[in-house]
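Given next are the chains, with one letter for each unit.
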Amino acid sequence: MIQINGRCCMLTRSELDKFSYSRLNTFIQCPMKYFLKYVSGNYTEESKLHLELGNILHKGLEIKYRNIIEGNKQNYTYIKDVITYGIAEDTDKDKGRFLNGITQLKRIYGEESFFEAGNKSGLTYEEKLGIFFDYLEEDHDDDWQPIHVEFPFSFVFEDRVILEGFIDRIDQNKKGELTVVDYKSSDKRFDQKELATPLQMVIYALACRALFGKVPVEYMYDLILLGDRQYACTSGFLDRGVKKLHKVLDEIELCKVTGEWKPKASPLCWWCEFSGHNEDNPWYTAGLCEYYSLWSPHNKTFEKHKEYK
Ligand code: SF4
């Protein structure tokens, strides 16, 4: 329901704005970044090593768990070949796009990138891939059977917006209870406070309620390069999460009305495609934001390129 000229109007589904978790998270991270990307349409083709590596490892796990769902014999040699040499995406998620394997990634980003220690874990990608390949061949917990991988969802959230995305994996036990699993290829564990009401899991819970008529009983982040798992969502998270979702959507509405999208300069600017101090940024997006933090892994400063007034 929205207000137009003081009157309430019900929008049809095709008129509602669509949001994914990553789109909402971009706004939370920095409204200016959201504006440059989703309002002004400055999309980049270029990728980064951690994103491409995450994509191909996700694909390996997707093949493993799809085999279990479809009752196919597991072929780890094939899965490892896919991860090593790449494969064309065959699901609705970027269908036809070639996902580079480790061989191509070493050529593109340099073999040495695989031997640099991660900021948080202190582990190199070579070491983390060793952990991943051991983990890949682990037997799956018999009590929880995978029922969906790369599960696409799209539903109307409280007559307000459409929420859409893909869930990495959904498992089910004999009682019909669900667990959602999200793979993370990050270098660090979540802090406990980040696990209480993670917006991503709130959206997945709402998606399961809309599509299966029940919310999951467990929410797991599978830290695939660290060989670790963390369970998220504490009691009352869904009510808190729905309020949080409305608050973010209200803030986006306000920015649209006022036309003011404030920058939130932080060390994350180093990885933002719109900052001007990272040479790896594409020429057509680098510097579109003037208010970036000058922090870099080699110069941990609080200075900014320009203050926002
Ligand atoms: S460079 Fe920093 S302040 Fe600018 S849009 Fe990106 S994240 Fe926001």
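Residues numbered from 1 in each chain as written. Predicted model: local features only at pLDDT ≥ 70, side-chain atom pairs only at ≥ 80, totals over all residues. Heavy atoms only, no water.

A. Highlighting helix H8 (residues 237-258). With 22 residues, H8 extends 31 Å between its outermost C-alpha atoms, agreeing within 8% with the 32 Å of an ideal straight helix rising 1.5 Å per residue. Those residues of H8 not exposed but buried are Phe-237, Leu-238, Gly-241, Val-242, Leu-245, Val-248, Leu-249, Ile-252 and Cys-255. Seen from one end, H8 has its buried residues packed into an arc of 150°, which puts them on one side. Away from its buried face by more than 90 degrees, H8 exposes Asp-239, Lys-243, Lys-247, Leu-254 and Val-257. Just past H8, the residue Gly-259 takes up positive phi, approximately 75°. (Helix = DSSP H or I, 4+ residues; strand = E, 2+ residues; numbered from the N terminus. Expected span 1.5 Å × (residues − 1). Buried < 20%, exposed > 50% of the residue type's maximum accessible area, 1.4 Å probe, protein only. Arc of directions from axis to C-beta.)

B. Focus on the site of the ligand. Lining the immediate environment of the ligand, one finds Cys-30, Met-32, Lys-33, Pro-263, Lys-264, Cys-269, Cys-272, Ser-275, Cys-289 and Tyr-292. For the shell around the ligand, the residue count by class is seven nonpolar, one polar and two charged. (Near = heavy atom within 4 Å. Nonpolar A, V, L, I, M, F, W, Y, C, P; charged D, E, K, R; others polar.)

C. Focus on the environment of Pro-31. Tracing the backbone shows Pro-31 in helix H2 (residues 31-39). Apart from the residues within four sequence positions on either side, Pro-31 is in contact with Trp-261, Lys-262 and Lys-264. (Contact = heavy atoms within 4.5 Å.)

D. Broad picture of unusual backbone geometry. A positive phi angle, near 45°, is found at Glu-158, a position not held by glycine. Tracing the chain through its elements places Glu-158 in the loop between strand E6 (145-157) and strand E7 (161-172). Here the phi dihedral of Cys-233 falls at roughly 80°; this positive angle occurs in a residue that is not glycine. Within the fold, Cys-233 resides in the loop between strand E10 (228-231) and H8. Residue Cys-233 is classed as buried on the basis of its relative accessible area, which comes to 16%.

E. Region of the structure containing the nonpolar core. Leu-24, Phe-157, Leu-163 and Leu-245 are the most contacted members of the largest nonpolar core, which totals 40 residues. At the level of secondary structure, the elements contributing two or more residues to this core comprise helix H1 (21-29), H2, E6, E7, strand E8 (178-184), helix H7 (199-212), strand E9 (218-223) and H8. Element by element, the count of residues in this core is highest for H7, at nine residues. When residues no more than four places from it in sequence are discounted, the contact partners of Phe-157 are Leu-163, Leu-206, Val-242, Leu-245, His-246 and Leu-249. The next biggest cluster of nonpolar side chains, apart from the first, holds 28 residues, and it includes Ile-83, Phe-133, Tyr-183 and Ile-224. (Core = buried A, V, L, I, M, F, W, Y, C linked by side-chain atoms within 4.5 Å.)

F. Highlighting helix H6 (residues 125-136). Taking 1.5 Å of rise per residue, the twelve residues of H6 would be expected to cover 16 Å, and the 16 Å separating its terminal C-alpha atoms lies within 8% of that figure. Buried within H6 are the following residues: Tyr-125, Lys-128, Leu-129, Phe-132, Phe-133, Tyr-135 and Leu-136. Projected onto a plane normal to the axis of H6, the buried residues spread over an arc of 160° and lie on a single side. Tucked inside the fold, the buried residues of H6 contact helix H3 (49-70), helix H4 (76-85), helix H5 (102-109), E8, E9 and E10.

G. Spatial organisation of the packing of H3 against H4. Running from N to C, H3 and H4 cross one another at 160°; their axes reach a closest spacing of 9 Å. Here H3 is positioned roughly antiparallel relative to H4, judged by the angle of their axes. Helix-helix and strand crossings are classified by hand; for H3 and H4 the assignment is right-handed. Every residue of H4 that contacts H3 at Ile-56, Leu-57, Lys-59, Gly-60, Ile-63 and Lys-64 is listed here: Tyr-76, Tyr-78, Ile-79, Val-82 and Ile-83. Of the residues belonging to the contact of H3 with H4, the class tally is eight nonpolar, one polar and two charged. (Axes fitted to C-alpha atoms, helices over the stretch in contact; angles between N-to-C directions. Parallel < 35°, antiparallel > 145°, perpendicular 65-115°, else oblique. Left-handed = near helix turned anticlockwise from the far one by under 90°.)

H. Just the UniProt feature "domain: PD-(D/E)XK endonuclease-like" (unreviewed entry) in the protein, in detail. UniProt feature "domain: PD-(D/E)XK endonuclease-like" (unreviewed entry): in the numbering of this structure it lies at residues 19-221. Each end of residues 19-221 is marked by a C-alpha atom, and these two atoms are 21 Å apart; helix forms 41% of the span and strand 20%. (UniProt positions renumbered as here; feature names shortened; annotations may be inferred.)

I. How the structure looks around the domain arrangement of the protein. Segmentation of the protein into domains returns domain 1 (49-136) and domain 2 (142-258). One C-alpha centre belongs to domain 1, the other to domain 2, and the line joining them spans 23 Å. Taken residue by residue, the interface counts 23 residues in domain 1 and 19 residues in domain 2. Summed over both sides, the interface of domain 1 with domain 2 buries roughly 1,900 Å², with 68% coming from carbon and sulfur. Along the contact surface separating domain 1 from domain 2 lie one salt bridge. Elements represented by at least two residues in the side of domain 1 that touches domain 2 include exactly H3 and H6. Top element by residues in the side of domain 1 that touches domain 2 is H3. It accounts for ten residues. Per-class residue counts for the side of domain 1 that touches domain 2 are eleven nonpolar, six polar and six charged. (Domains from an automatic or database assignment. Buried area = accessible area lost by both parts, 1.4 Å probe. Salt bridge = Lys/Arg side-chain N within 4 Å of Asp/Glu carboxyl O.)

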